[in-house]
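# Residue-level structural notes
The lines below spell out each chain.
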Amino acid sequence: MAEFRKIAWKTSVPVLALVLLIAGPPFLSSYWIGLLTQIMIFAILAMSLDILLGYTGLPSFGHAGFFGVAAYTVAVLSTAYHASFWTCVVSGIIIGTLLGAAFGLLVSHVRDVYFLMITLALGMVLWGLSYRWITVTGGDNGISGIPRVMTGPIPFYFVTLLTFIACSALMTLFVSSPFGFTLKGIRENESRMKSLGVNTWLHCYLSYVISGAFASVAGVMWAYYNGFVGPTYLDLTASSEVFLMVTLGGPGTLVGPALGAGAIVLLKNVISAYTQRWLMILGAIYIMTILGAPQGLWNLGRGSRSRV
Amino acid sequence: MKRVHTGFILLLAVSVAAAGSLVAGQAVARRPAEGPIKVGFIAPLSGPYVQNGRDILNGFLLYLEEIGYRAGGLRQAQAAPSLSRGGRQIQVIVEDDEAIPAVGLTKARKLVERDKVHLMAGALLASTGYALAPYIDSMHIPMVYPVVSADDLTQRRRSKWIVRTGWSSSQPNHAFGEYAAHTLKLKKVATIALDYAFGWESVGGFQRTFEAEGGKVTQKIWCPVSVHDFAPYLAQISRDVDAVYALFLGRAALQFMRQYQEYGLKERVLLIGSGTTTDEHVLPFMGDEALGVITALHYSAALDTPANRKFVAAYRARYKKVPSYYSESMYTGAQWFVSAIEAVGGHVEDSAALLDALRSVKLLDVPRGPVELDEYGSPIENVYIRKVERVNGELQNTVIETFPKVSQFWKYNPADYLKQPLYSRRSVP
């Protein structure tokens, strides 16, 4: 019975959220539709980081780099070269993924805090590039005027929703596949996995590349939603924000990071409208989560035995 | 069980948020046609540019207080002068952009789509200005940029719905370059400036006219925006220059001035620069190291005109400090859009008419002097050459020369001017 309730609960929340997301738009003002679009894009990004952080146990602190590089690719191609929509979308995802493939070679052999430091450094390199490669990125001014592909917020909202559903389905499939279970095994005890004959380096590498690919999808969506890309989207603050979305929601769950993304985007936008001290509130929430639910909100009920 | 509990709370939170937004959406739909005039305001009110942002907001609020937060009733008031000033109430919604373009864009969305503002004003950094422009254009909401000075906003990347009432970066520097060559008789100048668009455009403008008049910029030194110590940059300045042109603002300006003196350069080499280097947002915090510095800008708090004396007195009385160019920018900016609101009789719902009115405003008697827009939408206004002096124990930017009615194109033909690339880090005239 308890098992049944657990499963019912596990599925009911995502399903209910989905129903609300599908049926909601006609009742909402364009501002809220915009916010929901943002939430879904950041949910994809947070879930992609969760593959690394939650499932493989690799704390990446440069994840906004993929997001930013994909967004910049769309921005550069669509404004300077007037490339078509599909060219931009496909190249954005491909370049983000290739970046993951290249960076993965540098980071896949290290773990824990060393992984964190190297990804942080790579993220800063990307940030520096966006800030100083002025002829391409526009430097500090960023790139604005990315053409709108759809009129009005509602069509774009549904495209984002479709992308969001597709990405979450793919990521769920991925983490519940044998490959995904191997990743969990690496997280729990890498040497044991090695002795079982698993090529852990390759698994970590592929997990990094796949995670980067999903982050690039989010970056492409963001470029089209926002119409503007600047260095602030791939700096350390941006990376740590995604990190916080995952840790707040609950790493290793996919649903948790998506909810975490929703919570943080809402907090940032809604609270800041009422008070200038909103950063304090956000900070207080982080501290309370760390103290009260160190495994993230979605893992609250889980017994302390299962490590995340 | 505990898990179900927390999940339930989460669910509840989601549904409450959804319901709240529903109510908010309906409330907006029922808005009457003649409510208050809503003005959205964006400036950095936290982060590294908070001082500048506050000054802009202060100037804005000072003007609105003077007119009692009402506009659009001038015609009725003229018909029946006995009545108090009529018109619609002006409601101001202030948002903080933290000096981050991405945040500015988010806040602009909130102001336009949630608060349904009729017009917008504000923005400080060029990067924020560029980030907002396409969005503002797509939403058809007129926006007044009182400060953002990025040249291309009114040159190669013009935006229909943005009305710049401030200045363009190179505008005062074109005049200053000529002044430096003719009046100051400088031959060789080194420039040291912050490494971003505002710096490049200002230095580029100065270099162009200075070199056209026979001078030579022999050295260009760029400091990162986050610079903390000027020692490595000051050491690079060559010994044979006649003057150093400096462009800084905020904390960097204070520190640069101090170190310029500490390194013994002040006694040897004349210091000139962009108006922001000695602007009144930093000048009260400087000491003797600032004396004698010559800069160019379209405003000085020491400007001796009746309109400016009145503004400075009112500002000092209200905020207990001297107004900076940032304060004046939005004081005039507010006056600008209030004139436009009067011109359309308060019917701000017709945003196209409001935009036309904004573009045809001409203010002859604002603190900085007469202002009007050229056909590209950038102000034609006076440029003042100012020298820092101590008067009654207080430092001020004494105006020593006025270039009247300077356009963003200086004396060049606009069409030819626009064929040249934008001033950049490496630009050579």
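Source: prediction; values computed, not measured.

Here we take up the overall build of chain B. Check the secondary structure of chain B and you find 14 helices and 15 strands. Across the 429 residues that make up chain B, the buried fraction comes to 51%. Relative to all contacts within chain B whose residues are 6 or more apart in sequence, the contacts with residues 24 or more apart total 70%.

Attention now goes to the overall build of chain A. If you tally the helices and strands in chain A, you get 13 helices and two strands. Its C-alpha atoms give chain A a radius of gyration of 19 Å, near enough to 19 Å, the size a compact globule of 308 residues would have. Expressed along its principal axes, the backbone C-alpha trace of chain A runs to roughly 50 × 45 × 35 Å. Across the 308 residues of chain A, 50% fall into the buried class. In chain A, of all internal contacts separated by at least 6 residues, the share reaching a separation of at least 24 is 79%.

Now for unusual backbone geometry. All names here are of chain B. One non-glycine residue with positive phi stands out, namely Y69, at about 55°. Mapped onto the secondary structure, Y69 falls in the loop between α2 (50-66) and β2 (70-71). Of note in this structure, E98 is not a glycine but carries a positive phi near 55°. Locating E98 in the fold gives a position in the loop between β3 (88-96) and α4 (101-114).

Moving on, we get to the packing of helix α3 (residues 64-80) of chain A against helix α10 (residues 200-226) of chain A. Think of two packed helices as two axes; the pair is described by the angle between the axes and how far apart they sit. Residues and elements named next belong to chain A. Interaxial distance between α3 and α10 falls to 7 Å at its minimum, and their mutual angle equals 45°. The pairing of α3 with α10 is recorded here as oblique in orientation. Seen along the crossing, α3 lies across α10 with a hand that is right-handed. Contacts between α3 and α10 involve F66, F67, G68, V69, A70, A71, V74 and A75 from the former and G212, A215, S216, A218, G219, V220, W222, A223 and Y224 from the latter. Split into classes, the residues belonging to the contact of α3 with α10 amount to 13 nonpolar, four polar and no charged.

So, about the nonpolar core. Nonpolar side chains tend toward joint burial in soluble globular proteins. Residues and elements named next belong to chain A. Counting residues in hydrophobic clusters, the biggest one holds 210 residues, and the most contacted among them are I44, A46, F67 and A71. The element contributing the most residues to this core is helix α2 (residues 30-56), with 19 residues. With near-sequence residues (within four places) excluded, A71 lies in contact with G219, V220, W222, A223, V229 and Y233.

A separate point is the pairing of strand β8 (residues 216-223) of chain B. Residues and elements named next belong to chain B. With seven bridges joining them, strand β7 (residues 188-194) and β8 adopt parallel strand pairing. Paired with T191 across the bridge in β8 is K220. As for the winding sense of the linkage, the β-α-β connection from β7 through helix α7 (residues 197-212) to β8 is right-handed.

With that settled, consider the environment of L122 of chain A. Residue and element names in this part refer to chain A. Here L122 shows up in helix α5 (residues 112-132). The exposure class assigned to L122 is partly exposed, which follows from the 19 C-beta atoms found within 10 Å. Sequence separation between L122 and S195 is 73 residues, and the spatial gap between their C-alpha atoms is 31 Å. Apart from residues lying up to four places away in sequence, L122 is in contact with G62, G65 and F103.

Attention now moves to the packing of helix α4 (residues 85-107) of chain A against α10 of chain A. All names here are of chain A. At their nearest, the axes of α4 and α10 sit 8 Å apart, and the two run at 150° to each other. Here α10 runs roughly antiparallel to α4, going by the angle between their axes. When the axes of α4 and α10 are compared, the crossing they make is right-handed. The residues of α10 that touch α4, namely those facing V89, G92, I93, G96, T97, L99, G100, A101, G104 and V107, are Y205, Y208, V209, G212, A213, A215, S216, V217, G219 and V220.

All names here are of chain B. On strand β11 (residues 294-297), burial covers both faces: I294 and A296 on one face and T295 and L297 on the other are all buried. As defined by bridge partners, β11 adjoins strand β14 (residues 379-391) across four bridges and the pair is classed as antiparallel. Opposite I294, over in β14, you have K387 as the bridge partner.

Residues three or four positions apart in an α-helix share a direction because the helix packs 3.6 residues into each turn. With 15 residues, helix α13 (residues 278-292) of chain A should reach 21 Å at 1.5 Å per residue; the first-to-last C-alpha distance of 21 Å fits that figure. In terms of burial, α13 of chain A is largely open, as just one of its 15 residues are buried.

A few words on the environment of G273 of chain B. Residue and element names in this part refer to chain B. For G273, the location among the structural elements is in strand β10 (residues 270-274). On the basis of neighbour counts, which here come to 28 C-beta atoms within 10 Å, the residue G273 falls in the buried class. Apart from residues lying up to four places away in sequence, G273 is in contact with Y245, A246, L247, V293 and T295.

A separate point is the confidence of the model for chain A. Here chain A shows a mean pLDDT of 87. Residues at 70 or above account for 96%. Taken together, the stretch residues 304-308 of chain A has pLDDT below 50 and engages in six contacts with residues farther than four places along the chain or on a different chain.

Moving on: the sheet that holds β3 of chain B. The mixed open sheet is built from six strands, whose spatial order is β2-β3-β1-β4-β5-β6 (chain B). Only two strands of the sheet have a single partner each, and these edge strands are β2 and β6 (162-164) of chain B.

Attention now moves to the confidence of the model for chain B. Low-confidence regions, as indicated by low pLDDT, have predicted coordinates that should not be scrutinised in detail. Residues and elements named next belong to chain B. Model confidence for chain B is summarised by a mean pLDDT of 85, while 89% of its residues fall at 70 or above. Contacts of residues 1-32 to residues separated by more than four positions or lying in other chains number 30 contacts, the stretch itself having pLDDT below 50. This stretch, residues 80-84, has a pLDDT under 50; its non-local contacts, to residues over four places away or in other chains, come to one contact. Interface confidence for the predicted complex, expressed as ipTM, amounts to 0.78; the pTM equals 0.81.

Looking now at α4 of chain A. Residue and element names in this part refer to chain A. Between its first and last C-alpha atoms α4 spans 33 Å; for 23 residues at 1.5 Å apiece the expected length is 33 Å, and the two agree. Within α4, burial applies to C88, V89, G92, I93, I95, G96, T97, L99, G100, F103 and V107. Residues of α4 that are buried in the fold lie against α3, α5 and α10.

A few words now on the environment of V366 of chain B. Residues and elements named next belong to chain B. Mapped onto the secondary structure, V366 falls in strand β12 (residues 362-366). Exposure remark for V366: the 22 C-beta atoms within 10 Å place this residue in the buried category. When the C-alpha atoms of V366 and E113 are compared, they prove to be 33 Å apart, with 253 residues separating the residues in sequence. Aside from chain neighbours lying at most four places away, what touches V366 is A307, T332, Q335 and V371.

Analysis parameters
Residues numbered from 1 in each chain as written. Chains lettered and ligands numbered in written order. Predicted model: local features only at pLDDT ≥ 70, side-chain atom pairs only at ≥ 80, totals over all residues. Helix = DSSP H or I, 4+ residues; strand = E, 2+ residues; numbered from the N terminus. Buried ≥ 20, exposed ≤ 12 C-beta atoms within 10 Å, placed from the backbone. Contact = placed C-beta atoms within 7 Å. Rg over C-alpha atoms; globule rule 2.2 N^0.38 Å. Axes fitted to C-alpha atoms, helices over the stretch in contact; angles between N-to-C directions. Parallel < 35°, antiparallel > 145°, perpendicular 65-115°, else oblique. Left-handed = near helix turned anticlockwise from the far one by under 90°. Nonpolar A, V, L, I, M, F, W, Y, C, P; charged D, E, K, R; others polar. Core = buried A, V, L, I, M, F, W, Y, C linked by C-beta atoms within 7 Å. Pairing = 2+ DSSP bridges. Right-handed = clockwise from strand over helix to strand, strands pointing away. Expected span 1.5 Å × (residues − 1). pLDDT = per-residue confidence, 0-100.

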